[in-house]
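Here's the letter readout for the chains.
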Amino acid sequence: MIYIDGVSFGDNYSGHEVITVLRWTENFYTTGTNFSAKYKMVEYVKNHPYGVKTKYYRNGCWYDGEYVRVVDNTYLRTDANDIKADNLGELPEV
């Protein structure tokens, strides 16, 4: 399992804010030390539909987030709708 615990944002070609880089780890109990461009994580999630989740650090503890899925071969989301935009919850910006 891969856990995403941080994101970086940038503007896409039409000026909309999108995720550009994700921080991740395979260890649930540590902060991510790996960084991946969004397009690489999109490919990974497409090939491993239940292999990526978010996680959150609050009040000294790690909390399990939701599974990450791909919408329109471009966007990463954790909710059930198909809006063409990134949405991984309230991950911190790195």
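The structure presented is a predicted model; accordingly, all values stated were derived computationally and were not measured.

**Here's the deal with the packing of aromatic side chains**
Stage number 1. One pass over the structure, following the stated rule, counts four aromatic pairs.
Stage number 2. With 5.0 Å between their ring centres and 90 degrees between their planes, Phe28 and Tyr29 make a pair best called edge-to-face.
Stage number 3. Looking at Phe28, the relative accessible area reads 16%, which means it is buried.
Stage number 4. Grouping aromatic residues by their ring pairs yields a cluster made of Tyr3, Phe28 and Tyr29.
Stage number 5. The ring centre of Tyr67 lies 4.7 Å from the NZ or CZ of Lys53, which sits over that ring.
Stage number 6. Just above the ring of Phe28 sits the side chain of Lys55; from NZ or CZ to the centre is 5.7 Å.

**Side note on the sheet that holds strand S5 (residues 61–67)**
Stage number 1. Read across the open sheet, the five strands follow the order S3-S2-S1-S4-S5; overall the sheet is mixed. The open sheet has two edge strands with one neighbour each: strand S3 (34–37) and S5. Averaged over all neighbouring strand pairs, the angle between strand axes comes to 45 degrees, with direction disregarded.
Stage number 2. Pairing of strand S1 (residues 2–11) with strand S2 (residues 17–25) involves eight bridges; the strand directions are antiparallel. In the sheet register, Phe9 faces S2, and the bridge partner there is Ile19.

Rules of the game
- Residues numbered from 1 in each chain as written.
- Predicted model: local features only at pLDDT ≥ 70, side-chain atom pairs only at ≥ 80, totals over all residues.
- Heavy atoms only, no water.
- Phe/Tyr/Trp six-rings, centres within 6.5 Å; stacked < 30°, edge-to-face > 60°.
- Buried < 20%, exposed > 50% of the residue type's maximum accessible area, 1.4 Å probe, protein only.
- Lys NZ or Arg CZ within 6 Å of the ring centre and 35° of its normal.
- Pairing = 2+ DSSP bridges.
- Helix = DSSP H or I, 4+ residues; strand = E, 2+ residues; numbered from the N terminus.
- Axes fitted to C-alpha atoms, helices over the stretch in contact; angles between N-to-C directions.

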